[in-house]
Amino acid sequence: MNSALLNIILALIAAPLLPGIINRVKAVFAGRKGQPVLQLYYDLHKLLKKSAVFSSATTFFFWAGPLAGFAVLAGSLLVVPQAQGKALLQFPGDIILFVYLFGVMRFFAVVSAMDTGSSFEGMGASREIQFAVFAEPALFVGLATLARKTANLSLSGIYSSFSWHDSTILMLVSAAFFIIFLAENSRLPVDDPNTHLELTMIHEVMVLDHSGPDLAIIFYSASLKLWILGSLVVGAIIPMRTGNIIFDELIFLSGIAALSLAVGIVESCMARLKLLKVPQLLIAGFALAMLALIFQIM
Amino acid sequence: MFEFILSVSIIFTSGIIACLLNRHPGKASFIGAAGAVTGSAIGLIASIRIILNDITVYKKGICAFNIGTLSTGIDQLSAFFLIPLFILVAVSSVYGIQYLKPFYAKKPIGSFWLFFNLLAASMATLVIARNGVFFLVAWEIMSLSSYFLVTFEDEHKSVRQAGIIYLIVNHIGVMFLFFMFAMMGKFCGSMEFSDFSAASSAILPVSSALFIMATIGFGVKAGFVPFHFWLPQAHPAAPTPVSALMSAVMIKTGIYGLLRILTFIGPPHLWWGITLFGIGLISGILGVLFALTQHDIKRLLAYCSVENIGIIAMGIGLGLIGLNKKLPVLALFGFAGSLLHVFNHALFKGLLFLGAGAVAQQTGTRNMEILGGIFKKMPVTGITFLIGAAAISGLPPLNGFVSEFLIYFGSFKCITVSSLSVVVSSLLAITGLTFIGALSAACFTKVFSIVFLGSERSALAEKAAEPGKMMRAGMVFLAVLCVLTGISMPLIIPRFHGLLIEVSGLAFSEIDLFLSQAKTTFVFINKIYAAIAVVFTCAFLLRKKILAEKIVRTAPTWDCGYSHPSAKMQYTGSSFVQPITDFFNFILRAGKKTELSSDIFPKKTSPRFESQDIFMRYIYEPLSAKIYSLIMKLRWIQHGRLQVYILYIVVTLLVLIIWKLG
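Here the residue numbering is sequential within each chain, running from 1 through the sequence in written order. For naming, the first written chain is A and the first written ligand is 1, with later ones following in the order written. At least 70 in pLDDT is required for a residue's local features to be given in this predicted model, at least 80 for side-chain atom pairs to be given and counted, and no such filter applies to totals for whole chains, interfaces and linings, which use all residues.

Right, let's talk about the overall build of chain B for a bit. The helix and strand tally for chain B stands at 26 helices and five strands. For the radius of gyration, the atom set is restricted to C-alpha positions; the globular benchmark scales as 2.2 Å times the number of residues to the power 0.38. For chain B, the C-alpha radius of gyration of 26 Å lies close to 26 Å, the compact-globule estimate for 662 residues. Taken over the C-alpha atoms alone, chain B extends approximately 95 × 70 × 55 Å along its principal axes. Across chain B, contacts joining residues at least 24 apart in sequence account for 79% of those joining residues at least 6 apart. Per the convention used, a helix needs a DSSP run of H or I reaching at least four residues, while a strand needs a run of E reaching at least two, with both numbered from the N terminus. The contact criterion used here is simple: two residues whose C-beta atoms, placed from the backbone, lie within 7 Å are in contact.

When you go through chain A residue by residue, the secondary structure sums to 12 helices and one strand. Listed N to C, the secondary structure of chain A is α-α-α-β-α-α-α-α-α-α-α-α-α in terms of helices and strands. Overall, chain A is about 55 × 40 × 40 Å in size when its C-alpha atoms are taken along their principal axes. Partly exposed residues are those whose C-beta has more than 12 but fewer than 20 other C-beta atoms within 10 Å; with 20 or more the residue is buried, with 12 or fewer it is exposed, and the C-beta atoms are placed from the backbone. Relative to its full complement of 298 residues, chain A shows a buried share of 63%. Long-range pairs, those at least 24 residues apart, make up 78% of the contacts in chain A with a sequence separation of at least 6.

Every contact between the two is made by 63 residues of chain A and, on the other side, 66 residues of chain B. Residue type decides the class: Asp, Glu, Lys and Arg count as charged, Ala, Val, Leu, Ile, Met, Phe, Trp, Tyr, Cys and Pro as nonpolar, and the leftover types, Gly among them, as polar. Of the residues belonging to the side of chain A that touches chain B, the class tally is 44 nonpolar, 14 polar and five charged. DSSP bridges decide pairing: two strands pair if at least two such bridges lie between them. Taken together, the three bridges between strand β1 (residues 53–55) of chain A and strand β3 (residues 553–555) of chain B define a ladder with parallel strand orientation. Following the sheet pairing, Val53(A) is matched in β3(B) by Arg553(B).

For the bond from Val225(B) to Pro226(B), the omega torsion is 10°, close enough to zero to count as cis. One can find Pro226(B) in the loop between α9 (207–222) and α10 (231–237). For the bond running from Pro396(B) to Pro397(B), omega is 0°, close enough to zero to count as cis. Of note, Pro397(B) is situated in the loop between α15 (379–392) and α16 (399–414). Non-glycine residue Ala151(A) carries a positive phi angle of around 50°. Its location among the elements puts Ala151(A) in the loop between α6 (119–150) and α7 (155–159).

So, on to helix α13 (residues 297–324) of chain B. Residues and elements named next belong to chain B. Taking 1.5 Å per residue, 28 residues should reach 40 Å; α13 reaches 41 Å between its end C-alpha atoms and fits that length. Among the 28 residues in α13, 28 count as buried, and that is most of the element. Looking one or two residues beyond α13, the residue adopting positive phi is lysine 326, at roughly 55°. Take the number of residues in a helix, subtract one, and multiply by 1.5 Å to get its expected span.

So, on to the domain arrangement of chain B. For the purposes of this description, domain bounds are those given by an automatic or database domain assignment. The assigned domain composition of chain B is domain 1 (1–264), domain 2 (267–546) and domain 3 (615–661). The distance between the C-alpha centroids of domain 2 of chain B and domain 3 of chain B comes to 47 Å.

This part covers helix α6 (residues 157–188) of chain B. The first and last C-alpha atoms of α6(B) sit 46 Å apart over 32 residues, in line with the 46 Å expected at 1.5 Å per residue. Looking one or two residues beyond α6(B), the residue adopting positive phi is Gly189(B), at roughly 75°.

What follows is about the confidence of the model for chain B. The predictor's confidence in any single residue is recorded as pLDDT, a number from 0 to 100. Here chain B averages 89 in pLDDT, while 97% of its residues score no lower than 70. Interface confidence for the predicted complex, given as ipTM, is 0.93, next to a pTM of 0.93.

When two helices pack together, their arrangement is captured by the angle between the axes and the distance separating the axes. Residues and elements named next belong to chain B. Two elements in contact, helix α14 (residues 328–363) and helix α21 (residues 497–504), have axes separated by 10 Å at closest approach and are oriented at 115°. The pairing of α14 with α21 is recorded here as roughly perpendicular in orientation. Our pair here, α14 against α21, has a crossing hand that is right-handed. Only Leu499, Leu500, Val503 and Ser504 of α21 make contact with α14, whose side of the interface consists of Ala331, Leu332, Phe335, Ala336 and Leu339. Looking at the contact of α14 with α21, its residues break down into eight nonpolar, one polar and no charged. Throughout, an axis means a line fitted to C-alpha atoms (over the contacting stretch in the case of helices), and angles, computed between N-to-C directions, take values from 0 to 180 degrees. Throughout, the term roughly parallel applies to angles under 35 degrees, roughly antiparallel to angles over 145, roughly perpendicular to angles from 65 to 115, and oblique to all others. Here a crossing is taken to be left-handed if its near helix is turned anticlockwise relative to the far helix by less than a right angle, and right-handed if that turn runs clockwise.

The next point concerns the environment of Tyr159(A). Residue and element names in this part refer to chain A. Among the structural elements, tyrosine 159 can be located in helix α7. On the neighbour-count criterion, tyrosine 159 (26 C-beta atoms within 10 Å) is buried. A sequence separation of 107 residues divides tyrosine 159 from valine 266, and the C-alpha atoms of the two residues are 26 Å apart. Setting aside residues up to four positions removed in sequence, tyrosine 159 forms contacts with Pro81, Gly85 and Gly235.

It is worth spelling out the environment of Ala222(B) at this point. All names here are of chain B. By secondary structure assignment, the location of alanine 222 is in helix α9. Taking C-alpha positions, alanine 222 is 7.2 Å from threonine 253, a pair spaced 31 residues apart along the chain. Residues within four places of alanine 222 in sequence aside, it is in contact with Ile251, Gly254, Ile255 and Ile309.

With that out of the way, let us pick up the packing of helix α3 (residues 76–99) of chain B against helix α11 (residues 240–264) of chain B. Residues and elements named next belong to chain B. Where α3 contacts α11, the two axes come as close as 9 Å, and the packing angle between them is 170°. Between α3 and α11, the angle is such that the two are roughly antiparallel. In this structure, α3 uses Leu77, Phe81, Pro84, Leu85, Leu88, Val89, Ser92, Ser93, Tyr95, Gly96 and Tyr99 to contact α11, whose residues at the interface are Thr240, Pro241, Ala244, Leu245, Ala248, Val249, Lys252, Tyr256, Leu259 and Arg260.

Turning our attention to the environment of Gly103(A). Tracing the chain through its elements places Gly103(A) in helix α5 (residues 94–114). Considered as a pair, Gly103(A) and Trp227(A) are 124 residues apart in the sequence and their alpha carbons are 17 Å apart. Setting aside residues no more than four positions away along its own chain, Gly103(A) makes contact with Leu395(B), Gly437(B) and Ala441(B).

Written out as structure tokens, the structure reads:
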């Protein structure tokens, strides 16, 4: 069986594990017993069985937005390099499409949130779209650095041709990607996924009115997004490709697990940043990626 | 060639007939629009045929005056600009029939159609003109007829002011074009375009001067920053079919002129490319930042035109850099991207203006902060507007994405080369485009959600209803074209062959290589679109099946336990973009006025966000005040006594005679 195809299936099945791992780590740090690692699976199961309540202000964008977001994520799964740095489809220029697919997802998430007319969701949507203004250029500069380094324009092409020699640049780019990863997935220090009604919220407040199957697909998409962007970080941090499918798969999966661990540790040790400081964090990510590019040029 | 002359004449004549029927607005509208549609259909079919068969036609004109001939010609570049032109003329005139109905009693409808058709005909003429003088004549007719259209609702002071600014600025721009053509005529010994290209070695010594004049002269029309400031004033003032036509097509005649001149003035210098690229980058970023702060929906769209013209200029700039540095990849992707963006922007900007006009007419306001929740009442307008909004934000699978994709792709390819200037401009292109894209996504999610979603913020929004059939037809047609262009790139891109040869002057084989590369990429992208569509359909059906067995309830939006949520409590457009505008306030300098009372008992306060154009505020207003005060010093010359004026004439004549004799 094709390893890239296997990985897509694996991502679709195992993605809800990641929030479980993160929460587990946080529980251990806090000395709590914590929820089971499989909690998100139980939640999804329960939500799918539930009915839904719709706001009278909403139109079909309200429920079509999360569906479109999920579909777009599934599409980006086709080009994202996982184990061995390979994806199912690869073509020069898929880096551009990849980033823009996330733009589509964000667009629909915002429209879907604004559809309720709630000022809380408006607030979340406003922040989500603001952070993208800083995060997207950073992601692109990081990718441009890698493209220059490997003289390749496809994600798979880039990720399958790393070697240990590139460590300085890879470290800088991975650091930038890690910051973007945290911001895009609404994790600490940008956003606190645990509070549901803080005025500081971004992602969780945007889905305040969604319920039942719609909420299930939103939670599932969020975990899938963790997995997909996580693959980008892991692929750059561990540029080791043995050529053996089983070994590579193990390296990749343990990388993803370690990344969740790292997120859990970050969330346990850090407080959320003041909202006004978030752009500075993202600009720091941009600066790291830029530094990597300057090293690469020189 | 015959078809084009026929098409222009039909459009022109029907305008004149409409004007004669001024007393019968219904008939005038019908004749004017019917002529515009027929003429456009003929022209459109002929242009598509030219592109498909890769034909070039040139017809030396009869010598009409001593100074110029009426030479006409059509090549790939002309045909490519004519396609969006004819589409938009047809669509906005159909839309216009319905749009003008409320004006029947108070406005001369026939004259409107005269100027509208004159504008359409003059734009088509200037694209097929092959003589400098002829080109300028058509250019002037275009500027003047659009002035009369902009001032259609001249009972408002703001409209009259916008009109006068438009008139003055465009004439300052055309002055540069006069100089440019005069200079070219002097060096080539003729005003014929064919002589310009034949005598390109003669122009070479002054090519940089010509480039500067072309950039300023055409840049004023196109709306390059810092010459953009007439645009956000004139476009909102004009009636909607006109603003659609102006924003979608007329400003592109500036781009056409620039590209046409670039084919005459020989191999580009590096600084030309860098200049255009820089202007484009600045226009793009400032355009979208200014757009973010607007409350007037049409004004916002006008600023977005500045942004998109910026993207087009960035593409041309990259193209020139690529030509100079002998990097065909950069040149071809830059030119192809910017040309495609010319076409795409015409479609989605036309669509957005028509949608905004429909909203404004149905609700009676262009201020988006008092709208909201009208999607349920205007679903067709809403859906088409959303398509336009997603397209202008550059989102796949719509047409805005493909043109930006080409520019990105060229830049990514060139980030690996060794030349530092190329790497830096590629990097700036990538970050700039992403930045612009993210900001315009913010801008258009704001417009769409504030205007169409949520609940009604005022009684104006409550009475909204879907516009008439003809207005809807125009919007639906453009929306369908936006989607189709986005997904049929593998078919469209091979047709760029002749166009790219003309614009870039590169070899056949290099263009072929580029086209096949672009085509395979687009085929891959379409595969991913197909996969996404399949997943979406499956998820949709699954969701439907799950919910079918359950009782779905409707309730008010949950406002965290607050029991009386009102429409006024919704997030406003200003607050939606406030984090971004605050961050960039060092550029925007938007005024935020909140009079908070410090008393024990708080009084009624009203925060206001006011945006201003920094160029207008800090450059043009002081400048025009300066000029005005200088002119006022010469006021004593003109005091209204006839005898003294006659004396002036006599003295002038005397001086001239002495000069001639001596």
